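Listed below are the residues making up each chain.
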2 protein chains.
Amino acid sequence: MKRDQLGNQQCSVARSSAVLGDPWTLTLLSDCFLGVRRFEEFQERLKVSRTTLTSRLKLLEEHGILVQSQYEQKPPRFEYRLTQKGKELFPVISTLLTWGDKYYSDQAGPPILRRHKKCGHDFQTYIACSECGEPLELKDVEARKRPHNDSYPAVERGPM
Amino acid sequence: MKRDQLGNQQCSVARSSAVLGDPWTLTLLSDCFLGVRRFEEFQERLKVSRTTLTSRLKLLEEHGILVQSQYEQKPPRFEYRLTQKGKELFPVISTLLTWGDKYYSDQAGPPILRRHKKCGHDFQTYIACSECGEPLELKDVEARKRPHNDSYPAVERGPM
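Residues numbered from 1 in each chain as written. Chains lettered and ligands numbered in written order. Predicted model: local features only at pLDDT ≥ 70, side-chain atom pairs only at ≥ 80, totals over all residues. Heavy atoms only, no water.

J.: Help me understand the nonpolar core in this model?
T.: What tends to happen in soluble globular proteins is that the nonpolar side chains get buried as a cluster. Counting residues in each nonpolar core, the largest one holds 73 residues, and the members touching the most others are A:Leu20, A:Leu28, B:Leu20 and B:Leu28. Excluding residues that lie within four positions of it along the chain, A:Leu20 makes contacts with A:Thr25, A:Leu26, A:Leu29, A:Leu60, A:Ile65, A:Leu89, B:Leu96 and B:Trp99. (Core = buried A, V, L, I, M, F, W, Y, C linked by side-chain atoms within 4.5 Å. Buried < 20%, exposed > 50% of the residue type's maximum accessible area, 1.4 Å probe, protein only. Contact = heavy atoms within 4.5 Å.)

J.: Mind showing me how you'd approach the relation of the copies chain A and chain B here?
T.: Two copies of the chain are present, and they differ by a rotation about an axis and a shift along that axis. Least-squares fitting of chain A to chain B yields an RMSD of 0.0 Å, with the superposition described by an axial translation of 0.0 Å and a rotation of 180°. The symmetry that links the two subunits is that of a two-fold axis. By residue overlap, the copies meet face to face through one surface: 100% of the interface positions of chain A are interface positions in chain B. (Least-squares fit on C-alpha atoms with pLDDT ≥ 70 in both.)

J.: In this structure, what is going on with the sheet that holds strand E5 (residues 141–145) of chain A? I would like to understand it.
T.: Pairing between the strands of a sheet is mediated by backbone hydrogen bonds and can be parallel or antiparallel. Pairing is antiparallel across the open sheet formed by three strands, whose spatial order is E5(A)-E3(B)-E4(B). Two strands lie at the open edges of the sheet, namely E5 of chain A together with strand E4 (121–122) of chain B, each paired on one side alone. As judged from the two bridges shared by strand E3 (residues 112–116) of chain B and E4(B), these two strands associate in the antiparallel manner. Bridge pairing links B:His116 to B:His121 in E4(B). Across the sheet, helix H7 (residues 90–104) of chain B touches E5 of chain A together with E3 of chain B, and the angle it forms with E3(B) is around 125°. (Pairing = 2+ DSSP bridges. Helix = DSSP H or I, 4+ residues; strand = E, 2+ residues; numbered from the N terminus. Axes fitted to C-alpha atoms, helices over the stretch in contact; angles between N-to-C directions.)

Right, here's the structure in full:
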C-alpha cells in the first residue's frame, strides 16, 4: 500500500497519519501553536528547503488545517493560520510535547515551558474520559469494531 | 536540515517527530495498542512491504518504544511489545484517534469504538492540566522559553 492509499484505510489513525505522519508537518504544526505564521519564519526555524516547506503547507491547506490570510495589501503578503480543525490538533501536539519533554529533553529540562493561565502553574498534560472526566489509563480501555463494519480487520485482543 | 538532524533540534516535538513522524509508524503504534504483536499480523493490517515494516519496527526498538519478546522456543519466534516508554504514547495515539474520528470518519461513524471500563461508556478523549485537573484550552496556555536557553529560537507570540 502506498502512502496516499493510507488515507482510504478503515482506521482514523491511518487516515490522520496520511496527513500528519511526517516530521516536518508535526514540527511545523507545533510552531503554529507557538504563534508562527509566516513562510520565512517557518523556514528559519525548521531549516528546511522552500520546496519541502511549500509542499507541507500546501497539504495542510488542502486538508483545511491551515488557511492563508492576507496581512499586507501592497505588496500582497500572506500568513498561515490554524483553522478550527487545525486548532483541534492542540491535544495531539500537546501530548506529543509532554512525551517528548519526558524522553528527549536535555539535562537542563524541556526547552519550552507551558503555563496554565487558569491555575498559574507550569503543566504537563494528561488525557481524560469525555464521559466521566476521570484520567484515562490504558488498562481501563477496551476497543471493539463498530457493528456491521466488515471491512475493518478483526480486533481480537484489543485493550484500547 | 535533514530528517536525522531533526532529532538534535531544541524542541521536544521535533525530537519526537524524528522518530514518530511517519504514517506507517503511527499506524503501527495504533495497532500495538489494539493488541497486535506479530510481524505477519502488522504486515497484513498495514499492507506494507517487509522492508518498510522491518525498518519501522527497528527504529521503534532502537528508541526503546517496542521490545522483542520470544513467544515460541522451537522454532524461535518473536513478537513486539510496547515498553513503558511505548505505553506512554497512549495519550498521543488516543488524541490522534479522537481527532481522526471527528474529521475522517465515514458517514457510518468511527471504525473503532472505545469503552471506558470504569464508567462503562464509549468515550472520546480530552486533555487536562497536570496541576489543577481542569480541561486545557488553547487560549489558557502560555508558552515561554526555559531560562538560559539561548539556542532555542525566540517565542514571541506563543499562545501555547
